[in-house]
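The lines below spell out each chain.
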Amino acid sequence: MPQEESQLDWRAYSRILQCKSRPPQPSFRDESQIIQSNQELQLATEEGSVQPHSTSIRSNTDSWEQSTLKVYNSSYTRFLNFCTLNSLDPSNITLVVFMDYLTHLFKIRPPLAFSTINNHRSMLNQLLLLRNQTDIVNDPFITRIMTGIHKLRPSSAKYKEIWDANKVFKYLSTIKVLPKFTYTALLNKTLVLCKMFGLARSSDLLKWSFKGLNITTDSIRGPVINAKEQRKDDVLSILELTSLDDTYSQVCPVRHLTTYIKSTKERRKKHQSDSVFINNDGTPLNVNQINEVVLSTLSKSGIDTTKLKSHSTRSAMASLLLSNNVPFHVVKKMGRWKSNDTVDTFYDKRIIGEKSGGFLNNVVQLS
């Protein structure tokens, strides 16, 4: 029974919310009614009894990644339980219900992290947006509550120290894929180099626009479609790589990416994908595949991947750049961070062990 509950079809629920002719969902009284309601939502979608989304709604829900859907499913299940205990109708989210739920989450013991509470807020926001209730989403009381929670329970860094990025570069330099290569080896090495030197998230590499790339001998730059930092102010996010000199050709991201792009020309004809990184059959890599490649490389480089995951490349690279006297504002721009505090708190770390310095100053154009 709990397994069915955790597998709530989020898209099916969003379609139900768009069906104006459907009467409000009854209040849930116990777990069996919650599960029965979930099954009814899925059945209604399968039988076509739910009115279809508008184009804007479809593009909104289809843009959610699987990881986002997983978080929303979990958050929604907890919200249903809250509604059940308080005899509330989960399809009727008023401002008072929204505020009470956020307060309830803050009072839970052991205490929830701000990021967890913010995930719940995001889930409710999406429900309200799907119902065109933007007045509640943008209500200043919600903003003030979240600001207060953040001040009382600020986010903290998960790690105080980070692995030495030079260990990964040392390993990658032993993999000779230029000029001769196999497609998989070239893809894997190029992907990791781009993630490291671009201070990129895995989702950035997934959304990096192939059609928007501007390629020169010195750099490669292009837009990241719907990047995380773009969602609030709608400013286009640009991921840029800078070429290294001949001494470091075996870890130069521009040389490897240029070779990789040439090798994908025929493969791209099969699928008109706008993704930079594609599988051998032409289909775009997904986030899980990107993470698998990165984690495999980190593990082979001697990094403990049971504790440090794919996203740690951002912190490792930022820390090494800063330790090599690359100016703070340059690193901040490379990582596309908006706040100095974010870089200081989460990405500028003490590097574990001895670090070899020097060559990373060639990554950026110092002015």
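Quick caveat, the model's predicted, so the values are computed rather than measured.

Asks: Pulling in residues and values, what's your account of the overall build of the protein chain?
Replies: Secondary structure assignment for the protein chain yields 19 helices and 5 strands. In the protein chain, which comprises 367 residues, the share counted as buried stands at 47%. Partitioning the intrachain contacts of the protein chain with sequence separation of at least 6 by distance along the chain shows that 70% fall at a separation of at least 24. When the accessible surface of the protein chain is split by element, carbon and sulfur atoms take 51% of a total near 19,000 Å².

Asks: So, unusual backbone geometry: which residues are in play, and what are the values?
Replies: Peptide bonds are trans in most cases, and residues, glycine excluded, mostly fall at negative phi. Omega for the peptide link from R109 to P110 comes to -5°, which places this bond in the cis form. Checked against the element boundaries, P110 lands in the loop between α6 (95–107) and α7 (114–130). One non-glycine residue with positive phi stands out, namely N325, at about 70°. Within the secondary structure, N325 is located in the loop between α17 (312–323) and α18 (328–335). Accessibility expressed as a relative area gives 66% for N325, which makes it exposed. For R336, which is not a glycine, the phi torsion comes out positive at approximately 60°. Structurally, the position occupied by R336 is in the loop between α18 and α19 (340–347). On the accessibility criterion, R336 (10% relative accessible area) is buried.

Asks: Let's hear about the confidence of the model for the protein chain: which residues, and what values?
Replies: Per-residue confidence for the protein chain gives a mean pLDDT of 79; residues scoring 70 or more make up 78%. Note on residues 1–10: pLDDT is under 50 here. Beyond four places in sequence and across chains, it has 27 contacts. Per-residue pLDDT stays below 50 along residues 16–59; that stretch engages in 70 contacts with residues further than four places along the chain or on separate chains.

Asks: Give a description of the sheet that holds strand β2 (residues 214–215) that names residues and reports values.
Replies: Read across the open sheet, the 3 strands follow the order β2-β3-β4; overall the sheet is antiparallel. A single partner strand is all that each edge strand has here, and the edge strands are β2 and β4 (237–242). Contacts from helix α14 (residues 253–263) reach β2, β3 (219–224) and β4, with the element oriented near 105° to β4.

Asks: I'd like a description of the pattern of salt bridges, backed by residues and values.
Replies: One pass over the full model with this rule turns up 6 salt bridges. R255 is paired through a salt bridge with D246; the nearest N and O atoms lie 2.1 Å apart.

Asks: Give a description of the packing of helix α10 (residues 165–173) against α17 that names residues and reports values.
Replies: Closest axis-to-axis distance for the α10/α17 pair is 9 Å, and the angle between their directions is 100°. It follows from the interaxial angle that α10 and α17 lie roughly perpendicular. Contact residues: A165, N166 and F169 in α10; A316, M317 and L320 in α17. In terms of residue class, the contact of α10 with α17 is made up of 5 nonpolar, 1 polar and no charged.

Asks: Any chance you could break down the pairing of β3 for me, citing the residues and the numbers?
Replies: Counting buried residues in β3 gives 5 out of 6 residues, a clear majority hidden from the surface. Bridge count between β2 and β3: 2 bridges; the pairing is antiparallel. By the bridge assignment, N214 is partnered in β3 with R221. Both β3 and β4 contribute to a ladder of 6 bridges, which runs antiparallel.

Asks: Describe in detail the nonpolar core, supporting the description with residues and values.
Replies: Generally speaking, nonpolar side chains in soluble globular proteins are found buried as a group. Judged by nonpolar contacts, the single largest core of 57 residues is most densely connected at W163, L205, W208, L257, Y260 and F277. Examining the composition of this core, we find that 9 residues originate from one element, helix α11 (residues 183–197), more than from any other.

Asks: Give me the lowdown on α6, citing residues and values where you can.
Replies: For α6, which comprises 13 residues, the first-to-last C-alpha distance of 19 Å matches the rise-based estimate of 18 Å (1.5 Å per residue) to within 8%. On its buried side, α6 packs onto α5 (66–85), α7, α8 (134–137) and α9 (140–152).

Rules behind the numbers
- Residues numbered from 1 in each chain as written.
- Predicted model: local features only at pLDDT ≥ 70, side-chain atom pairs only at ≥ 80, totals over all residues.
- Heavy atoms only, no water.
- Helix = DSSP H or I, 4+ residues; strand = E, 2+ residues; numbered from the N terminus.
- Buried < 20%, exposed > 50% of the residue type's maximum accessible area, 1.4 Å probe, protein only.
- Contact = heavy atoms within 4.5 Å.
- Areas by Shrake-Rupley, 256 points an atom, 1.4 Å probe, with all protein chains shown as cover.
- pLDDT = per-residue confidence, 0-100.
- Pairing = 2+ DSSP bridges.
- Axes fitted to C-alpha atoms, helices over the stretch in contact; angles between N-to-C directions.
- Salt bridge = Lys/Arg side-chain N within 4 Å of Asp/Glu carboxyl O.
- Parallel < 35°, antiparallel > 145°, perpendicular 65-115°, else oblique.
- Nonpolar A, V, L, I, M, F, W, Y, C, P; charged D, E, K, R; others polar.
- Core = buried A, V, L, I, M, F, W, Y, C linked by side-chain atoms within 4.5 Å.
- Expected span 1.5 Å × (residues − 1).

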